Number of protein chains: 2
Amino acid sequence: MEITKRTIGININPDGGVDALIWAPKAEKVSLRICEGKIDLPMQKQDYGYWTLQTDQLKAGDLYRIVLDDEKFLPDPASLSQPKGVHEASQVIDLSFNWTDEHWRNWHLNEYIIYELHTGTFTPEGTFEGIESKLDYLKSLGINTIEIMPVAQFPGERNWGYDGVFPFAVQSSYGGTKALQQLVNAAHHKGIAVVLDVVYNHLGPEGNYFGEYGPFFTDKYNTPWGNAINFDDAWCDAVRQYYIENALMWFRDFHIDALRLDAVHAIKDFSPVHILAEIKQHVDQLMKETGREHHLIVECDLNDTRYINPLEKAGYGMDAQWVDEFHHALRVTAGGETTGYYEDFNGIEHLAKAYNDAYVYDGQYSEHRHKKFGVKATDHPDSQFIVFSQNHDQVGNRMLGERSSQLFSFEMQKLIAAATLTAPYIPMLFMGEEWSEPNPFLYFVSHTDAELAEAVRKGRKAEFAAFHTEGEAPDPMDEATFTQSKLQWQLQEQGEHAVMLAYYKKLIGLRKYLHVLTNPNRQQSKATADKAKQVLTLQRWFQGEYLVALMNFSNQVQQVTMPPTDKKWIKQLDSADPEWNGPTKADDEFQSEA
Amino acid sequence: MEITKRTIGININPDGGVDALIWAPKAEKVSLRICEGKIDLPMQKQDYGYWTLQTDQLKAGDLYRIVLDDEKFLPDPASLSQPKGVHEASQVIDLSFNWTDEHWRNWHLNEYIIYELHTGTFTPEGTFEGIESKLDYLKSLGINTIEIMPVAQFPGERNWGYDGVFPFAVQSSYGGTKALQQLVNAAHHKGIAVVLDVVYNHLGPEGNYFGEYGPFFTDKYNTPWGNAINFDDAWCDAVRQYYIENALMWFRDFHIDALRLDAVHAIKDFSPVHILAEIKQHVDQLMKETGREHHLIVECDLNDTRYINPLEKAGYGMDAQWVDEFHHALRVTAGGETTGYYEDFNGIEHLAKAYNDAYVYDGQYSEHRHKKFGVKATDHPDSQFIVFSQNHDQVGNRMLGERSSQLFSFEMQKLIAAATLTAPYIPMLFMGEEWSEPNPFLYFVSHTDAELAEAVRKGRKAEFAAFHTEGEAPDPMDEATFTQSKLQWQLQEQGEHAVMLAYYKKLIGLRKYLHVLTNPNRQQSKATADKAKQVLTLQRWFQGEYLVALMNFSNQVQQVTMPPTDKKWIKQLDSADPEWNGPTKADDEFQSEA
């Protein structure tokens, strides 16, 4: 497979024309239609179901369609741009960009402090340009990495991104290809890495023309979204190439620093080489070629170290994974719900286990899953685990989309922020949590298919059975649902919001500049839970530095015996200090009892 | 999990009563019905969906049923005996047996010369006792291992065994538990190992009451037999335990030497520890406990070394696998069909690759599968691969069930036998091939469900589309179809059949007593194909011994240049010798050209 350039779809070639490569194994005839003038150029059949064409009749900016058997006029599955939406013509795009980030080097994963954001609701503009205008703010906050929720073209203008149907096309309403390249370039100038969330486990329900081209899906596996993407059945090679090339494109042509692969447990692949491992092999090649470093991060609900084991140990070679269990244990400890998947978490003891072992379930029986779950992740470096106190899913999958700001007291919000940022793992914030944004992050879509829109409404309601017994679900199709989910930037400077923001800056500063916090390292970290007091003590040490994070999850003042030492303890941060609108403060210096 | 005894179902306990353990997670009430007197004993609910009872009201030989919610009177899924068939009551069985095989030690896998047989058609009696009566013959033939097609209770009295629905119950019409134990004991006295074919990828369509008890199946995966057995979905632990205990039972309570696990590619399991690996872990424990050695052999259509990699290399730890590709390449080379899955095989060059690399497809594009297929098996010992020139599937899945005897000339039959027995892999014969049995091995069933029987007839016809364009498919339900498939033992002593038998004995003798053939070793083996002459030269060497097998697949006498050596060549076997009814013979001794 070609590493240095994109080969599928329509690509500008050095002679000024385009090379076209379309996969349509069941078609008898394939043509490339130039929309201007309705010119159909017949393509040549090649091996393995591919069709090719070289032509100088198409140039960047032109609209085109793929014509199957003279009767289907479809957008290109590998389209780089869908300026008129998911059902309409594709557009030729020149991926070249005048990059000026040659001095940028990606952070090592263990340095990442990630800020997850959704382009549409992060700023009033809802565009990549909007994000760019906030880079200075983000730098001042202290984070060094932004993670952008999926940007593949989706139906309409409002979507979380997981309904994307053109994995190579950057959402036009966000600003498209050039605007994303511009954002990444600008971020790199500010010292900010960019993680892109990509969806390789399904395609959205509207504008999905893949099945017309060939067996892009297989009925061997059933997923929450219907038939699975065909990663191991007949004709799978082209599908695999499609996603490998997709990963390569973001790194190579957009200078994306890391991919966050959505719900990889839903990728069904029994091939000898799993598609994730094959992606990793190719990304390794690309890195060798370019000298740039890229990370592969997965969302995975399996507690299965195979995903993060290196290739040479028969793993899939992913660099890191999200750990939802840390979140669940933390929320239960903080006094959140105990229903649904939270039923598996007993609170502070499981939180201590999350700090110590990464996976809470590493072989025990899970009541919620009705089976033994997980394996031990003991030997895995801590930079392989990404933790958070909230994220788009944990907020947005609630019926009312409440952030922690609406669920927990101001004191508790500060505590769970510190619990995350002092963890021996990679911390991730969700946009707005740093000023306790009160607006919800709701589930919103803008499907143009009325039946589908109705199905989404219904499906949404069914999903809440375990969590909510009352209240009305906002209509995902209503534009107001989207608008309500936007961040309120003016709050940053107001009252408790301003205090929270200052507190976050302080906290992130500690994370970044205290060596003992900078190096995520479970081998030099130990959490113990006092269940009666609801106090968690997290000890961390590194090269002579020693840190204790005392987390009091009870609603009472607690006396805690510090670990013995003949040195003096210096308080770095006290979330209960009146400085942070807290009720009381502890001494600034103190000593362990003899 | 208990290693030293069976825990699920009904088991005789040391106090003379029975321990009952039934998995029925969705039932509100479970009782054990003693058929004699219709006594229902309520069972006690335990964790994880299990129900238990200890009672002295049941003893070996008694019939019982499991009663779910006072309304379903079902056989026990872990039944050890179904004396009245798959729909009727289960029977309590005492698994203890007066073993006298304490001096037996299982052969190492590389010593195996396997003889596959089907209990019902192997002898006129169609029973285990029938097999026992042939042990002396089998010993005289030279094989040291029999492989018995599946014996789990199936509907009616005629079945290959893959429609079994009680994996713990030995088919009653074959003689049941004791007769199988008796056969194994007797085989061990003759120095013959016993491999049992077991089916862990599906259950038969008739008499399958598993779904009534709980989620034994999952709709996450679709298999050729419908929903997959639930190895990784909610409630899977009990299903996994069920099959682990099944494997342990055959080894522990039946002294079976090896299991042949049917079509493991159809076992769908994304758990961190694959069910095959978990079976291996438990069998390892059992072997430690008993000091006996057992092998796990899989039928696998994936060319994926993960199955045969050891556990410590993240493999599933299976000891060996069938290699259908050797068969396919051999048959095409021998002038057999080139349609269906044979289309992937080009004849003699692929046969040479099969000798050299085990897998023919180890990464290349397969036209038949429409995808790249397989990985390299270069580093795997040759005792991990089992080869054959025919087997129950390759014979019986033909519409007319023709053995090689009906498809190839007498000369070619001798050649493909030698091709198999000189291979650097484990050879396997199919019952009767050693005397060129002319009877077919047809597909036969004896379903009692009329609709199902009709569906089987239809399905059977559809399957042949790629292979046969004319001729009538024998009715699988017709008892005559079964009877026609029986071996004709009287032929052994007649004409060409007697010659073939003598030839096989000679061939097996060479395999057993020539050191260079005894040690399967691809590192000391090299096959080269002369496509023009249709001659394959297989060289093997071992500790100073040097052997060349010249295989002339053309219908002409060929001159072959022997590898250079200053020693004299001694002819060990000449299949074309008039001694074996051949047309001509080569010199008994000759020298390589200078």
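Residues numbered from 1 in each chain as written. Chains lettered and ligands numbered in written order. Predicted model: local features only at pLDDT ≥ 70, side-chain atom pairs only at ≥ 80, totals over all residues. Heavy atoms only, no water.

Colleague: Explain helix H13 (residues 450–463) of chain B to me, and be specific about the residues and the numbers.
Modeller: Residues and elements named next belong to chain B. An ideal rise of 1.5 Å per residue puts 20 Å on 14 residues; H13 measures up with 20 Å between its terminal C-alpha atoms. Taken as a whole, H13 has its buried residues at Leu452, Ala453, Val456 and Arg460. Down the axis of H13, the smallest arc covering the buried residues is 100°, so these residues share one side. Turned more than 90 degrees away from the buried face of H13, the exposed residues are Ala450, Glu451, Lys458, Lys461 and Ala462. On its buried face, H13 is in contact with helix H10 (392–396). Put simply, Asp449 is the residue that caps the front of H13, since its side-chain oxygen is 3.0 Å from the backbone nitrogen of Glu451. (Helix = DSSP H or I, 4+ residues; strand = E, 2+ residues; numbered from the N terminus. Expected span 1.5 Å × (residues − 1). Buried < 20%, exposed > 50% of the residue type's maximum accessible area, 1.4 Å probe, protein only. Arc of directions from axis to C-beta. Contact = heavy atoms within 4.5 Å. Polar contact = N/O pair within 3.5 Å; in protein donor to acceptor, adjacent residues only side chain to side chain.)

Colleague: Which residues make up the environment of B:Glu289, and what values go with them?
Modeller: Of note, B:Glu289 is situated in helix H7 (residues 275–290). Between the C-alpha atoms of B:Glu289 and B:Val535, which are 246 residues apart in sequence, the distance is 50 Å.

Colleague: Any chance you could break down the interface of chain B and chain A for me, citing the residues and the numbers?
Modeller: Note on interface size: it is often stated as the accessible area lost on association of the parts. If you look at the interface, chain B gives 30 residues, while chain A gives 30 residues. Roughly 2,600 Å² is buried in total at the junction of chain B and chain A, and carbon and sulfur atoms are behind 54% of that figure. Per-residue buried area on chain B facing chain A is highest for B:Asp237, B:Phe270 and B:Pro272; these three make up 24% of the total on that side. Across the contact surface, chain B and chain A share zero salt bridges. At the junction of chain B and chain A, the tally comes to 15 residue pairs in polar contact (both at pLDDT 80 or more). Of all elements in the fold, only strand E15 (217–223), helix H6 (236–254) and strand E21 (371–372) of chain B reach the threshold of two or more residues within the side of chain B that touches chain A. Per-element accounting of the side of chain B that touches chain A gives the leading share, four residues, to E15(B). A breakdown of the residues in the side of chain B that touches chain A according to their chemical character gives twelve nonpolar, five polar and 13 charged. (Buried area = accessible area lost by both parts, 1.4 Å probe. Salt bridge = Lys/Arg side-chain N within 4 Å of Asp/Glu carboxyl O. Nonpolar A, V, L, I, M, F, W, Y, C, P; charged D, E, K, R; others polar.)

Colleague: So what's going on with the side chain of A:Gln413? Which residues, and what values?
Modeller: Residues and elements named next belong to chain A. By the secondary structure assignment, Gln413 is in helix H12 (residues 410–421). Of the polar contacts made by the side chain of Gln413, one reaches the side chain of Ser436; its length is 2.5 Å. The residues contacting Gln413, other than those within four sequence positions of it, are Ser404, Ser405, Phe408, Ser436 and Met500.

Colleague: Any details on the nonpolar core? Residues and values, ideally.
Modeller: Core analysis: the biggest nonpolar cluster contains 154 residues, and B:Tyr115, B:Trp250 and B:Leu259 have the highest contact counts within it. Looking at this core element by element, the count peaks at eleven residues for H6(B). Composition of this core by domain shows at least three residues from each of domain 1 (9–91) and domain 2 (521–591) of chain B. If sequence neighbours within four positions are ignored, B:Tyr115 has contacts with B:Phe122, B:Tyr137, B:Leu138, B:Leu141, B:Ile143, B:Thr145, B:Ile146, B:Glu147, B:Leu429, B:Met431, B:Gly432 and B:Glu434. Counting 153 residues, the second largest nonpolar core, distinct from the first, contains A:Leu183, A:Cys300, A:Met431 and A:Ala453. (Core = buried A, V, L, I, M, F, W, Y, C linked by side-chain atoms within 4.5 Å. Domains from an automatic or database assignment.)

Worth remembering: the numbers are spatial, not functional.
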